[in-house]
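Structural features, examined
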Amino acid sequence: MTPFEYLRAEDPAEAVAAVAGRPGAAFLGGGTNLVDHMKLGVAGPDLLVDVSRLPLDRVEETADGLRIGAAVRNSDLAAHPLVRERYPVLARALLSGASGQLRNVATTAGNLLQRTRCPYFQDVTTPCNKRVPGSGCSAIGGYTRYHAILGASEHCVATHPSDMAVAMVALDAVVVVLGPGGARTLPLAELYRLPGDAPERDTVLEHGDLITAVELPHLPFARRSAYRKVRDRASFSFALVSVAAALDLDGGRVRDVRLALGGVAHRPWRAARAEEELRGGPATEDAFRRAAEAELIAARPLPGNAFKVAMTRNAVVATLRALAEEGR
Amino acid sequence: MDARITLRVDGRVRPVALDTRTTLLDALRDHLSVTSPKKGCDHGQCGACTVLLDGRRVVSCLILAVACDGAEVTTAQGLAEEGEPHPVQRAFLEEDAFQCGFCTPGQVCSAVGMLEEVKAGHPSDATDDLTGPVTLDDEEIRERLSGNLCRCGAYVNIVAALREEAES
Ligand SMILES: Cc1cc2nc3c(=O)[nH]c(=O)nc-3n(C[C@H](O)[C@H](O)[C@H](O)COP(=O)(O)OP(=O)(O)OC[C@H]3O[C@@H](n4cnc5c(N)ncnc54)[C@H](O)[C@@H]3O)c2cc1C
Ligand code: SF4
Ligand code: FES
Ligand code: FES
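Because the structure is predicted, anything quoted here is derived from the model rather than measured.

Okay, the overall build of chain A next. Scanning chain A from N- to C-terminus turns up 12 helices and 12 strands. Referenced to the eigenvectors of the C-alpha coordinate spread, the extents of chain A come out at roughly 60 × 50 × 35 Å. Looking at chain A as a whole, 58% of its 328 residues are labelled buried. In chain A, once contacts between residues fewer than 6 apart in sequence are set aside, the share between residues at least 24 apart is 64%. Accessible surface for chain A amounts to roughly 12,600 Å². Of this, 51% is attributable to carbon and sulfur atoms. Charge-centre separation for chain A: the mean point of 39 positive side chains lies 6 Å from the mean point of 37 negative side chains.

In the neighbourhood of ligand 2, 14 residues make up the surrounding shell, with Cys118, Cys128, Cys137, Cys156 and Val157 of chain A lying closest. Classifying every residue of the shell around ligand 2 gives nine nonpolar, four polar and one charged.

Before going further, it helps to examine the interface of chain A and chain B. Each partner contributes residues to the interface: chain A has 41 residues there, and chain B has 40 residues. When chain A packs against chain B, the two sides together hide about 3,200 Å² of surface, and 54% of this comes from carbon and sulfur. Two residues, Arg56 of chain B and Asp76 of chain A, come together in a salt bridge whose shortest N-O distance is 3.1 Å. Our enumeration of links across chain A and chain B arrives at 22 residue pairs in polar contact (both at pLDDT 80 or more). For the side of chain A that touches chain B, the secondary structure elements donating two or more residues are β1 (5-8), α2 (34-40), β3 (47-50), α3 (74-79), α4 (81-86), α5 (88-95) and α6 (100-103) of chain A.

Let's shift gears to the domain arrangement of chain B. Residue and element names in this part refer to chain B. Per the domain assignment, the segments making up chain B are domain 1 (2-78) and domain 2 (87-167). On the side of domain 2, 15 residues touch domain 1, which itself brings 15 residues to the contact. Taking both partners together, domain 1 and domain 2 bury about 1,100 Å²; carbon and sulfur atoms supply 58% of that area. Our enumeration of links across domain 1 and domain 2 arrives at one salt bridge.

Turning to the site of ligand 1, a few remarks are in order. The immediate surroundings of ligand 1 are formed by 35 residues, with Phe27, Thr32, Leu34, Thr107 and Asp163 of chain A found nearest. With respect to ligand 1, the chains having nearby residues are chains A and B. Contact distances for ligand 1 include 2.8 Å between an oxygen atom and a backbone N or O atom of Gly30 of chain A. Residue Asn111 of chain A places a main-chain N or O atom 3.4 Å away from an oxygen atom belonging to ligand 1. In isolation ligand 1 offers 990 Å² of accessible surface; the protein chains occlude 94% of this area.

This part covers the sheet that holds strand β2 (residues 12-19) of chain B. Residue and element names in this part refer to chain B. Spatially, the five strands line up as an open sheet ordered β2-β1-β5-β3-β4, and their pairing is mixed. Of all the strands in the sheet, just β2 and β4 (56-59) have a single pairing partner and so form its edges. Each strand of the sheet is rotated relative to its neighbour by a mean of 40 degrees, with strand direction disregarded. With two bridges connecting them, strand β3 (residues 50-53) and strand β5 (residues 72-74) associate as antiparallel partners. Each bridged residue has a counterpart across the sheet, and for Leu52 the counterpart in β5 is Thr74. The sheet strands contacting helix α1 (residues 24-31) are β1 (2-9), β2, β3 and β5, and the helix crosses β2 at an angle near 105 degrees.

Segmenting chain A into domains produces domain 1 (5-48) and domain 2 (223-326). Centre-to-centre separation of domain 1 of chain A and domain 2 of chain A, based on C-alpha positions: 36 Å.

This brings us to the packing of helix α11 (residues 285-296) of chain A against helix α12 (residues 307-326) of chain A. Residue and element names in this part refer to chain A. It is the contact of α11 with α12, at a shortest axis distance of 9 Å, that shows an interaxial angle of 145 degrees. Considering how the two elements wind past one another, α11 and α12 form a crossing that is right-handed. Within the contact between the two elements, α11 uses Glu285, Phe288, Arg289, Ala292, Glu293 and Leu296 and α12 uses Val309, Thr312, Arg313, Val316, Val317, Leu320, Arg321 and Ala324. By residue class, the composition of the contact of α11 with α12 is eight nonpolar, one polar and five charged.

Residues and elements named next belong to chain A. Across the two faces of β3 the burial is the same, with Leu47 and Val49 and Leu48 and Asp50 all buried. As defined by bridge partners, β1 adjoins β3 across four bridges and the pair is classed as parallel. From the neighbouring strand, Leu7 faces β3, where its bridge partner is Val49. In terms of strand pairing, strand β2 (residues 25-28) meets β3 through four bridges, oriented parallel. Residue pairing in the sheet places Leu28 in a bridge with Asp50 of β3.

Glancing now at the pattern of salt bridges. All names here are of chain A. Within this structure, the stated rule accounts for 36 salt bridges over all chains. Across the pair Glu5 and Arg22 runs a salt bridge whose closest N-O atoms are separated by 3.0 Å. One end of the pair, Glu5, is in strand β1; the other, Arg22, is in the loop between α1 (12-20) and β2, and 17 residues separate them in sequence. As a salt-bridge pair, Asp46 and Arg22 come within 3.2 Å of each other at their nearest N and O atoms. Of this pair, Asp46 sits in the loop between α2 and β3 while Arg22 sits in the loop between α1 and β2, placing them 24 residues apart in sequence. Each of the salt bridges in this network shares a partner with another, and the network as a whole consists of Asp172, Asp256, Arg258, Arg270, Glu275 and Arg279.

The rules behind the values
Residues numbered from 1 in each chain as written. Chains lettered and ligands numbered in written order. Predicted model: local features only at pLDDT ≥ 70, side-chain atom pairs only at ≥ 80, totals over all residues. Heavy atoms only, no water. Helix = DSSP H or I, 4+ residues; strand = E, 2+ residues; numbered from the N terminus. Buried < 20%, exposed > 50% of the residue type's maximum accessible area, 1.4 Å probe, protein only. Contact = heavy atoms within 4.5 Å. Areas by Shrake-Rupley, 256 points an atom, 1.4 Å probe, with all protein chains shown as cover. Lys, Arg positive; Asp, Glu negative; His and termini not counted. Charge placed at Lys NZ, Arg CZ, Asp CG, Glu CD. Near = heavy atom within 4 Å. Nonpolar A, V, L, I, M, F, W, Y, C, P; charged D, E, K, R; others polar. Buried area = accessible area lost by both parts, 1.4 Å probe. Salt bridge = Lys/Arg side-chain N within 4 Å of Asp/Glu carboxyl O. Polar contact = N/O pair within 3.5 Å; in protein donor to acceptor, adjacent residues only side chain to side chain. Domains from an automatic or database assignment. Pairing = 2+ DSSP bridges. Axes fitted to C-alpha atoms, helices over the stretch in contact; angles between N-to-C directions. Left-handed = near helix turned anticlockwise from the far one by under 90°.

Set out below in structure tokens:
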């Protein structure tokens, strides 16, 4: 690990100024991803600005929904009564991620900004465009079981590993950012980039941009929502594919729906095409399958992950079917 | 870069000077000679380093010691009061819930933290009703302790030890 200075920030503005003013500086949340990367040699900041104790640790009800502070721990968010009641998909996604010990430490912002688990990204002895731009992609032609089937490029086929983010994208979450130039908001779905020819950039954030909160708009029908995660072992394992869904039924028809996919792309994947297919149509298994297939027309599986296409389709159908049955 | 911090470890105030790169686990083991938390993977994947930090279970290998200045740390060693094993430790002994014992201090701390979470009504991935009360059945125990691996495969008896705890 390279040596670094440590600063415990007292307020958000101080934290932003400290990081913005130094190219090698980084924010420190719980550290469960960043400290791991520092040990592996994937990251080497020369200053850590600890933002985990900032007064951003509250979940508050607002006129428009729920405001989640950036420093709220994953376990506290999952256990929050309003999240359990109104956004079960979010509580479930959080509870399916990592372990009890990690969730007690991991923060909301850190979870959103955790980096890919691509094994080559984490191994400094192998070429990786995300870690060293222009060095090549070892996954292409290599081990691709955990890699993307949607939206990838010839430069990078990595997936975003967060479960929480998939649920938040389905819920139309908005991210509140404080940067050197002031505060701004942006939809979470637009925070994340596709790899294109610059896979070293996971998000549109600039150096010194601090996430201060995530806002969830009101979505009454999200009380009927679910998260389904398919993985290699029953617990404490990243998703092969995952599905976040909320379903609003009008008798046997779909009045409205929210659908997002995890484990399939460089960002949490909002399945807009499938949603469009479903809205106004019958809430039947056939219709669910057709919608999933419409979304997956764009899939370009790799040699090691062709199974993900059928797995994603089946997971979407199973999730929606279970939600529809819950309503009867 | 050097830093001076103070931890309260197993009830004792322990000032310590260390490099900022030191994890909480290395601070405990190498600087303070508190060796009950074990280093298995050093990457958050095995749970052997689990301790209670301000009462909550955490993996100490991914937390920087400097970020813990002023915190209260309880290790498996500190759970025992006046030489008397903690009820969870006693249950592990009674149910033969270990073989080599390497994972055990982490398992015990994790279990103590987990029982507090259950008491507070926190659901897990195995909980059917997110808003209802939690019943700590075997499936719940396994899910809630999935962050602690045991290479000896003592899982069956670990579950038995905690089932006993859950019932009492
Ligand atoms: C063994 C293991 C298993 C895991 N399994 C899963 C899983 O199944 N599902 C899952 O979703 N996750 C999983 N995780 C990942 C875990 O969820 C993340 O490590 C965690 O959420 C990161 O949060 P943190 O606060 O510790 O982030 P940190 O490590 O502190 O930070 C992560 C990144 O965010 C930046 N950052 C932090 N806070 C801010 C802020 N306020 N504004 C701007 N930038 C910020 C940091 O600079 C860093 O780049 C696992 C992790 C481990 C170690
Ligand atoms: S998929 Fe992306 S992260 Fe993985 S080796 Fe290729 S460039 Fe690196
Ligand atoms: S040593 Fe910390 S989790 Fe393995
Ligand atoms: S008892 Fe040997 S690793 Fe668990």
